[in-house]
Amino acid sequence: MLEFHNDWDNILKDEISKEYFNNLLSEVNNLYKEKIIYPPKKDVFNAFRLSYSDIKVVILGQDPYHGEGEAHGFAFSCLKKPIPPSLKNIYKELYSDLQIQKDMTDGNLMPWVKQGVLLLNTGLTVEKDKPNSHKDIGWHKFTDTVIQKLNEREKPIVFILWGNNAREKKKYITNPRHLVIESAHPSPFSANNGFFGSRPFSRTNDFLIKNNINKINW
């Protein structure tokens, strides 16, 4: 059985024992044998390295980067150069919001993860050069449960939902102690439709401070 080696093991034990999830893993294993799938198989569940109890912020995207060497299991983070256009737009919004200038050649967002930012996609795998290609194989059911489990938490969380796939999860965030920030996806195709100017980073930190939680050093 899949193991996360932290508190997610207990929180998701019922979900990962369900028939649909085992069927999902079997299908994904077969897809890795037949096609080029990202991220590397060993990295699919990397986002869950951040323990449930340590999460302050959830940044929810669509699915992994679909170019070679880009995705490594943390939504929007990229270890390859040059960085993808979506991440460039995230950095642009960060500068506009908080005047934080990021290195446009460095897409590694692990410093955010280490501070409690869960970088999660609604789907955890994708076929090479085919965005959203694994939308209907079962990942969304799994990530629905992940969001529901986070919603149950007493300590406040900021949920940042970028794009339509992520925004569909809003219906599971019913706990009034949490904050939801939603906008268009940072992709060049949609960033001008409400992502730019949404100020997610300052709004997140304002909420965390108000709730006596250490803010994120973006």
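Our subject is the structure that appears above.
The shown structure was predicted, so the numbers you read here are calculated from the model rather than taken from an experiment.

Thresholds, definitions, all that
Residues numbered from 1 in each chain as written. Predicted model: local features only at pLDDT ≥ 70, side-chain atom pairs only at ≥ 80, totals over all residues. Heavy atoms only, no water. Helix = DSSP H or I, 4+ residues; strand = E, 2+ residues; numbered from the N terminus. Rg over C-alpha atoms; globule rule 2.2 N^0.38 Å. Contact = heavy atoms within 4.5 Å. Areas by Shrake-Rupley, 256 points an atom, 1.4 Å probe, with all protein chains shown as cover. Lys, Arg positive; Asp, Glu negative; His and termini not counted. Charge placed at Lys NZ, Arg CZ, Asp CG, Glu CD. Core = buried A, V, L, I, M, F, W, Y, C linked by side-chain atoms within 4.5 Å. Buried < 20%, exposed > 50% of the residue type's maximum accessible area, 1.4 Å probe, protein only. Pairing = 2+ DSSP bridges. Axes fitted to C-alpha atoms, helices over the stretch in contact; angles between N-to-C directions. Parallel < 35°, antiparallel > 145°, perpendicular 65-115°, else oblique. Left-handed = near helix turned anticlockwise from the far one by under 90°. 1 Å grid on protein atoms, 1.4 Å probe; cavity = no way out; pocket = protein on both sides within 12 Å on 5 of 7 lines; lining within 4 Å. Points joined across faces, edges and corners; volume = space filled by probe spheres on them. Nonpolar A, V, L, I, M, F, W, Y, C, P; charged D, E, K, R; others polar.

Peer 1: Before we go on, may I ask you to explain the overall build of the protein in this structure?
Peer 2: Along its length, the protein carries eight helices and six strands. Taken from N to C terminus, the helices and strands of the protein fall in the order α-α-α-β-β-α-α-β-β-α-β-α-β-α. For 218 residues, the compact-globule estimate of 2.2 N^0.38 gives 17 Å, and the protein sits close to it at 16 Å. Restricting the contact set of the protein to residue pairs at least 6 apart, pairs at least 24 apart contribute 66%. Entry remark: accessible area of the protein is about 10500 Å², with carbon and sulfur atoms responsible for 47%. Side-chain charges of the protein comprise 30 positive and 26 negative groups, with the mean position of each set lying 4 Å from the other.

Peer 1: Explain the nonpolar core here, please?
Peer 2: Inside soluble globular proteins, nonpolar side chains tend to come together where they are buried. Within the largest apolar cluster, 68 residues are counted, with the highest numbers of intra-cluster contacts made by F48, I59, W112, W139, F142 and L150. In terms of residue count, the dominant contributor to this core is helix α3 (residues 19-34) (six residues).

Peer 1: Explain the pairing of strand β5 (residues 158-162) to me, please; I cannot follow it from the model alone.
Peer 2: Most of β5 is tucked away: five of the five residues are buried. The side-chain alternation of β5 yields two buried faces, one formed by V158, I160 and W162 and the other by F159 and L161. Of the pairings in the sheet, the one linking β5 to strand β6 (residues 179-183) comprises five bridges and is parallel in character. Counted as the bridge partner of W162 is S183 from β6.

Peer 1: Help me understand the sheet that holds β5, please; the structure alone is not making it clear to me.
Peer 2: Across a sheet, paired strands are connected by hydrogen bonds in the backbone, their directions being either parallel or antiparallel. Judged by pairing direction, the sheet is parallel, and its four strands sit side by side in the order β3-β2-β5-β6 without closing on themselves. Edge positions in the sheet fall to β3 (117-121) and β6, since each of these pairs with one other strand and no more. The mean angle between the axes of side-by-side strands here comes to 15°, regardless of whether they run parallel or antiparallel. Along the sheet, helix α8 (residues 200-210) makes contact with β2 (57-61), β5 and β6, crossing β5 at roughly 165°.

Peer 1: I'm lost on the packing of α3 against helix α6 (residues 139-151) in this one. Help?
Peer 2: For any two helices packed against each other, one specifies the inter-axial angle together with the distance between the axes. Contact geometry of α3 with α6 gives a least axis separation of 10 Å together with a crossing angle of 130°. In terms of axis orientation, α3 runs oblique to α6. At the point where α3 passes α6, the crossing takes the left-handed sense. Residue-level inspection shows Y20, F21, L24, L25 and V28 of α3 in contact with α6, the latter providing W139, K141 and F142.

Peer 1: Can you walk me through empty space enclosed by the protein in this structure?
Peer 2: Space left empty within the atom packing is revealed by a probe, the size of a water molecule, rolled over the atoms. Counted by the stated rule, this structure contains one cavity of 30 Å³ or more. In this structure, the largest cavity spans a volume of roughly 100 Å³. When its residues are assigned to classes, the lining of the largest cavity shows 12 nonpolar, five polar and no charged.

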